[in-house]
Amino acid sequence: MSLVAERVTTSSTAAAPPLRAIAVSKTYRTPDHIGRLVLENIDFTLHEGEIVAVLGKSGAGKSTFLRILAGLLPPSLGHVEYRGQPITGPVRGIAMVFQSFALFPWLTVLGNVELGLEAQGVSAAERRRRAVEAIDIIGLDGFESAYPKELSGGMQQRVSFARALVVNPDILLLDEPFSQLDVLTAETLRNDLLDLWVERRIPTKGILIVSHNIEEAVDMADRILIFSSDPGGISAELTVRLPHPRSPDSPAFRQIVDQVYTLLTTVPGRDGRRGVKPEPIGVGYRLPDAPVQQLSALVEKLTEEPYNGRADLPHLADEENLTTDELLPLLELLQLLGLANVSGGDIELTGAGRRYAEADMLSRKQIFAEALLKNVPLAVHIRRVLDERPGHRAPAARFLRELEDHLSEEEAERVLDTVINWGRHAEIFAYDDDDRVLSLENF
Amino acid sequence: MEQRWGLPLIAWPSRLRPNLWDLVALPLVLGALALVAWGGMKMGARYEVGESLPMSLDPWRLPEYALRTVLRMAASLVVSLAFSFPYAALAAKSRQAEKILIPVLDILQSVPVLGFLSITVTGFIALFPGRLLGVECAAIFAIFTSQAWNMTFSLYQSFRTVPVELVEAARMYHLSPWQRFWRLEVPHGVPPLIWNMMMSVSAGWFFVVASEAITVSGQTILLPGVGSYIATAIAERDLAAIGYALLIMLIVILLYDQLLFRPLLAWSRKFRGDADSEEYDVRPWFLLVMQRARLFDLLQSGVLALNRALDRAITAMSWRRSPAYDTGPASPAMIRFFDLALLGVASAAVVWLFAFVREQVSGDEIGWVFLLGALTALRIIVLIVIASLIWVPVGVWIGLRPQLAERVQPVVQFLAAFPANLVFPAVVVLILKFELNPEIWLSPLMILGTQWYILFNVIAGTTALPTELKLVASNLGLRRWLWWRRVIWPAIFPAYVTGAVTAAGGSWNASIVAEVVQWGNTTLQATGIGAYITEYTAAGDPARIALGIGVLCLYVLVFNRLLWHRLYELAAERLRLD
């Protein structure tokens, strides 16, 4: 009998679920007033007593979704309910832990933890008692009068957890809380939190965590949501029925990790169906943030022993020390360029991929250039504009504006930077960073 | 954890017993209170326009005069703070308000400080008839105009750049807007505010000296203070008296530094998120006194309690405290209407001002004033170039020697704070003695006080150069010229631009004082827009004052937009070290 089912039965008396999103969409207004859809029609329910993890590519709108649930952002369409009541702003009962800790540097640990209570108008003595208790429970006793900048990242995030727990939150929202910590620190903090949860030492009835780490999600969550991007939405859902504490080496655990990898890498193609040829991408496609050097290193690795051109993704990530955030963009680029196929949680080099691996540096550039001009519409578009212009020069801002029709300002800039980097490497165009001009100079 | 510096924001009411440190603190506080009371009494004294206030050149009267000057300075600092907080908060929080407030601030910043004095003094005197307070207010207002704008800007910038996640955290944990302001936005703005206060006070000393001698409808009122003392000494050609005045200003500025800014700077470091390096973690002695003495704990917990009470009162008054999303922008139609209205009002003001000036001033004269502006601009450009040629090499030389730099920094800071106009008489005496051409030799006065900003920033820029870069440069065997062009110049460029902008801005302001200088009955005058403004201020000609100030503003704005702004962008984009 799993823990999840047990919790659900014990608390099934409550009529309305703790947290519910109904047909939530979010559109951001672009400078030229064309809406850009970030989240599309999301239905989601957080049940009593469960931990749900949200996984997806960076930029998929996971954090936006979390902020809508938190009441920090209003949805453009649809609505969010906390225990049956519509959410129109931050609600008492929902606490949040941030990626960057978000501690007030001018307040001591105690001051930071007390802040939420102070805002609720709790008396000074009561405040002190509860804050000391929360600091104690999260393992920070002795540091009450320290300032955040004196503490390590792990300790700072503990303060952040104490600040969240001291208000006795009904629901805890976690926005990649472990991503800025080193592996060991993250694991310790995660286990401590899980202990508190499993032993019911905190009154919290539900946790939603946005994560970029597959193992972390499988270790914590009772349910994993896979987010697709452009626009963001839940593309798949996975239930994890393993009792806590989970052992990451057990076959059952590995199998789920494999499944998650499969779900995460069966993109592009919005519906994420496996084995289907990915639908063609457009100029405004959110190109993955993958550096070329890493790409060639990975391809080289894949041709060597023990992979011989084929690898199991979790295994590869583990062996080559790649985080999910690093691996996913690389895989996407390999697929985009037709250098590898990814399916069922495995990667296999294509013929082109093998040729690329065996070539010398100059020929690699050529293969890369050909692949870019064949498969990446944005690169094709830039090259065509430059070819057509009499001076073979065009300001980068011109392409940026085009991209902003499809992407947010930041993302447009990132995508343009990415394609410029690839293009410079492939020598299909040149770029002058001072004047921000693309050209066909020197070739 | 007793060893932490920084006034703890959480006070412990049970431990408010007095201790030995209070023996030091108590007299200081009581003394300060008595001073304020005494100064207030003096300021409120009876006075009718036309009376002449007695000024004595007796050096023993100087401490009293210095006190009056210091109090004026302190009053204007308080007024500047009181102005900056609401102004910056409003500009940062309301899109609509921002559209008016920020350009206004930009223009105010470029209006020469002494211009305000001539425009406003009559109004202030009318406000308090029969009292000296009106004249005092005019002087304080003039100092205020030299201090407030950059403080306001720094606060506005800080309010705009509060980290998003901190704002979200504040909202998640239900801080009221009042709490959010005092617990998040203000603390975030404290360190840059303190820096700007230091700069402001430096500028203030210059103008406190200039603004104590106020001209109203053709006659000069001398407010008791160091500035008036010097004005009298100049009129009576008393070099010894000027020496005494220099000495007392030196002491005053040192005290300000020790009692106010060193402690404030050290204290403000706790509001910064990044960890300090060890070497900065020293507490100035006065901060130590303040932190150890219970008296200040008492004061602090009093202030905090007051703040909480206010918060509760505000919360109680706002009947609707349901949580809400941050309100989105107003409807596009409203925004467009607002913009149009704003544009209308602004153009009406310009037309009216132009008509007002045109009524009394001929087109030729307007052209002449523009030419005068160009002359002053030429002077400033030449001066900045010369000052750069001198101070950049010196600054780099000092900056490469960290121990020397550490000792020189406070000296340069002090020089920048010292009111340069105190030395003007000495220069005049020299010009007269050697029969030099005032058109050329009065010019250096403009940059006398502001050149230090170049030196100061170049030293700072050089010390910030990473050791690795220096090592690589010597490893590559870069020779003199190449080293200057490829290593040090790009490295210090951003800092240099900052220094040069400050120096140029200060020089525009100083031109009003520096282009006309007196020594007894002798008046030396250079041709320039500063002299033009001074001349018609003395004559009390509002149309020509407005014309002069307007043209000066225009020049400053154009220079800022066309030259400095671009250099700043270049520096920010290409030559940053981080």
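These figures come from a predicted structure and were not determined experimentally.

*Asks:* Would you take a moment to explain the sheet that holds strand β15 (residues 430-432) of chain A for this structure?
*Replies:* Hydrogen bonds along the backbone pair up the strands of a sheet, which may run parallel or antiparallel. All names here are of chain A. Taken in spatial order, the three strands of this open sheet run β14-β16-β15, and their pairing is antiparallel. Strands at the two margins of the open sheet, each flanked by one partner only, are β14 (393-395) and β15. Direction aside, the axes of adjacent strands within the sheet are offset by 25 degrees on average. Here β14 pairs with strand β16 (residues 437-439) via three bridges, running antiparallel. From the neighbouring strand, Pro395 faces β16, where its bridge partner is Val437. Of the strands in this sheet, β14 and β16 are in contact with helix α15 (residues 396-404), which crosses β14 at around 55 degrees.

*Asks:* What's the story with the nonpolar core in this structure? I'm lost.
*Replies:* The nonpolar side chains of a soluble globular protein tend to be buried, and buried together. One finds A:Ala53, A:Leu55, A:Leu69, A:Ala162, A:Leu173, A:Val260 and A:Val419 to be the most contacted residues of the largest nonpolar core, which totals 131 residues. What A:Ala162 contacts, discounting residues up to four positions off in sequence, is A:Val113, A:Ala134, A:Ile135, A:Ile138 and A:Leu140. Within the second largest apolar cluster, 126 residues are counted, among which are B:Leu62, B:Leu71, B:Met197 and B:Leu524.

*Asks:* Where do I start with the confidence of the model for chain B in this structure?
*Replies:* Do not read the fine detail of predicted coordinates wherever pLDDT is low. Residue and element names in this part refer to chain B. Overall, the predicted model of chain B reaches an average pLDDT of 79, with 84% of residues at or above 70. Low pLDDT (under 50) marks residues 1-15, which in the prediction has 21 contacts with non-local residues, meaning those over four places away or in another chain. The ipTM for the predicted assembly is 0.81, set against a pTM of 0.79.

*Asks:* Help me understand the domain arrangement of chain B in this model?
*Replies:* Note on interface size: it is often stated as the accessible area lost on association of the parts. All names here are of chain B. For chain B, the assigned domains are domain 1 (19-43 + 57-274 + 282-314) and domain 2 (357-574). For domain 1 versus domain 2, the separation of C-alpha centres amounts to 25 Å. If you look at the interface, domain 1 gives 27 residues, while domain 2 gives 27 residues. Of all the secondary structure elements, the ones that give two or more residues to the side of domain 1 that touches domain 2 are α3 (95-110), α4 (113-127), α7 (177-211), α8 (226-235) and α9 (239-268). Here the side of domain 1 that touches domain 2 takes six residues from α7, the largest share from any one element. Its residues placed into classes, the side of domain 1 that touches domain 2 shows 19 nonpolar, seven polar and one charged.

*Asks:* I would appreciate a short explanation of the pairing of strand β8 (residues 206-210) of chain A in the present structure.
*Replies:* Remark: a regular strand shows side chains that alternate across the two faces of the sheet. Residue and element names in this part refer to chain A. Burial runs high along β8: five of the five residues are buried. As defined by bridge partners, strand β3 (residues 50-56) adjoins β8 across five bridges and the pair is classed as parallel. Looking at the pairing, Val54 lines up with Val210 of β8. Following the backbone out of strand β7 (residues 171-175), through helix α6 (residues 183-198) and into the adjacent parallel β8, one traces a crossover that is right-handed.

*Asks:* I keep staring at helix α14 (residues 377-388) of chain A and nothing clicks. Help me out?
*Replies:* Counting along an α-helix, one turn takes 3.6 residues, and residues three or four places apart therefore face a common direction. All names here are of chain A. Relative to the 16 Å expected for twelve residues at 1.5 Å per residue, α14 spans 16 Å between its end C-alpha atoms, a close match to the ideal helical length. What α14 keeps buried is the set Leu378, Ala379, Ile382 and Leu386. Seen along its axis, α14 keeps its buried residues to an arc of 100 degrees; they face one direction. Within α14, the exposed residues directed more than 90 degrees away from the buried face are Arg384, Asp387 and Glu388. Contacts made by the buried residues of α14 are with α13 (361-375), β14, α15, α16 (409-426) and β16.

*Asks:* Which parts of the structure should I look at to understand the interface of chain B and chain A?
*Replies:* Contacts between the two partners involve 26 residues from chain B, matched on the other side by 29 residues from chain A. For the side of chain B that touches chain A, the elements supplying multiple residues, two or more each, are α6 (164-172) and α7 of chain B. No other element matches α6(B), which puts six residues into the side of chain B that touches chain A.

Reading the values: rules and limits
Residues numbered from 1 in each chain as written. Chains lettered and ligands numbered in written order. Predicted model: local features only at pLDDT ≥ 70, side-chain atom pairs only at ≥ 80, totals over all residues. Pairing = 2+ DSSP bridges. Helix = DSSP H or I, 4+ residues; strand = E, 2+ residues; numbered from the N terminus. Axes fitted to C-alpha atoms, helices over the stretch in contact; angles between N-to-C directions. Contact = placed C-beta atoms within 7 Å. Core = buried A, V, L, I, M, F, W, Y, C linked by C-beta atoms within 7 Å. Buried ≥ 20, exposed ≤ 12 C-beta atoms within 10 Å, placed from the backbone. pLDDT = per-residue confidence, 0-100. Domains from an automatic or database assignment. Nonpolar A, V, L, I, M, F, W, Y, C, P; charged D, E, K, R; others polar. Right-handed = clockwise from strand over helix to strand, strands pointing away. Expected span 1.5 Å × (residues − 1). Arc of directions from axis to C-beta.

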